[in-house]
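So you can see what is in the structure, the chains are spelled out below.
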Amino acid sequence: MADGSQPLGSQYKTALVTGAASGIGAAVAQRLLSEGIKVYGSSRDPQTASGAEGIQWLRMEGGSADGVDAFIKENRELLDRLDILINNAGSSRFGSLADSPEEALSWQLQLLLETPMQLTKAVLPGMQSRGNGCILNVSSLAASFPLPFMAAYSAG
């Protein structure tokens, strides 16, 4: 219960958690499931995704703008009625910026920065029309306290 008095499931019915296969995403997904909320998780490969039991897995390549666009088109109906969006997916790449391939940097910035904006923009019209919804963006303190050899992660 969010405030200790009512289950979240009494206000919210459906959630999408990116990065729900492990860590914070899996814990958040499990909590939402325990509150009676139907949880969808995104994964590049839903057949190998694990995490909280009960998650409905959807395919999304979050490191590509085309991949996110395809996800949005394929799941338009869900996104229009989504009550909760948790932008949690992340990935870090260690190494010198000078030695990092451009494709790897672009992939990481897409996943950490652009994908959450694309998904947020996709769910906002439905939430606004209903006058209800919740969007949570999980990020890192690396933006405020950059880490050596993690330029794209800190920037994202």
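Scoring rules and cut-offs
Residues numbered from 1 in each chain as written. Predicted model: local features only at pLDDT ≥ 70, side-chain atom pairs only at ≥ 80, totals over all residues. Heavy atoms only, no water. Buried < 20%, exposed > 50% of the residue type's maximum accessible area, 1.4 Å probe, protein only. Helix = DSSP H or I, 4+ residues; strand = E, 2+ residues; numbered from the N terminus. Arc of directions from axis to C-beta. Polar contact = N/O pair within 3.5 Å; in protein donor to acceptor, adjacent residues only side chain to side chain. Salt bridge = Lys/Arg side-chain N within 4 Å of Asp/Glu carboxyl O. Pairing = 2+ DSSP bridges. Core = buried A, V, L, I, M, F, W, Y, C linked by side-chain atoms within 4.5 Å.

Undergrad: Explain helix α2 (residues 65–74) here, please?
TA: The periodicity of an α-helix, 3.6 residues per turn, causes residues three or four places apart in sequence to face the same way. Those residues of α2 that sit buried are Gly-67, Val-68, Phe-71 and Ile-72. For α2, the arc enclosing every buried residue in end-on projection is 135°, short of the 170-degree limit, so these residues lie on one face. Exposed residues lying more than 90 degrees from the buried face of α2 are Asp-66, Lys-73 and Glu-74. At the N-terminal boundary of α2, the capping side chain belongs to Ser-64, with an oxygen 3.3 Å from the backbone nitrogen of Asp-66.

Undergrad: Looking at this model, I keep getting lost on the environment of Gln-47. Mind explaining?
TA: Mapping Gln-47 onto the fold places it in the loop between β2 (38–43) and β3 (56–59). Its relative accessible area of 75% is what places Gln-47 among the exposed residues. The spacing of Gln-47 and Leu-58 is 11 residues in sequence and 9.4 Å in space, taken between C-alpha atoms.

Undergrad: I keep staring at the environment of Leu-109 and nothing clicks. Help me out?
TA: Within the secondary structure, Leu-109 sits in helix α4 (residues 102–130). With a relative accessible area of 28%, Leu-109 lands in the partly exposed category. C-alpha separation for the pair Leu-109 and Gly-63, spaced 46 residues apart in sequence, amounts to 7.7 Å.

Undergrad: Any chance you could explain the pattern of salt bridges here in plain terms?
TA: Opposite charge on two side chains permits pairing when their charged atoms draw close. Enumeration according to the criterion identifies 3 salt bridges in this entry. Note that Arg-76 is salt-bridged to Asp-80, the shortest N-O span being 3.0 Å. Of the two residues, Arg-76 and Asp-80 are both situated in helix α3 (residues 76–81); the distance of 4 residues between them amounts to about one turn of the helix. When its relative accessible area of 36% is taken as the criterion, Asp-80 is described as partly exposed.

Undergrad: Explain the pairing of strand β4 (residues 84–87) to me, please; I cannot follow it from the model alone.
TA: Here is the key point about a regular strand: its side chains alternate between the two faces of the sheet. The alternating pattern of β4 places Ile-84 and Ile-86 and Leu-85 and Asn-87 on opposite faces, both of which are buried. Note: strand β1 (residues 14–18) against β4, 3 bridges, orientation parallel. Across the sheet, Ala-15 pairs through a bridge with Ile-84, a residue of β4. Bridging between β4 and strand β5 (residues 134–137) involves 4 bridges; their strand directions are parallel. For Leu-85, the partnering residue across the bridge sits in β5 and is Ile-135.

Undergrad: How should I be thinking about the nonpolar core in this particular structure?
TA: Generally speaking, soluble globular proteins have nonpolar side chains that are buried together. Counting residues in hydrophobic clusters, the biggest one holds 15 residues, and the most contacted among them are Leu-16, Phe-71, Ile-72, Leu-79, Leu-82 and Leu-119. Elements represented by at least two residues in this core include exactly α2, α3 and α4. No other element matches α4, which puts 4 residues into this core.

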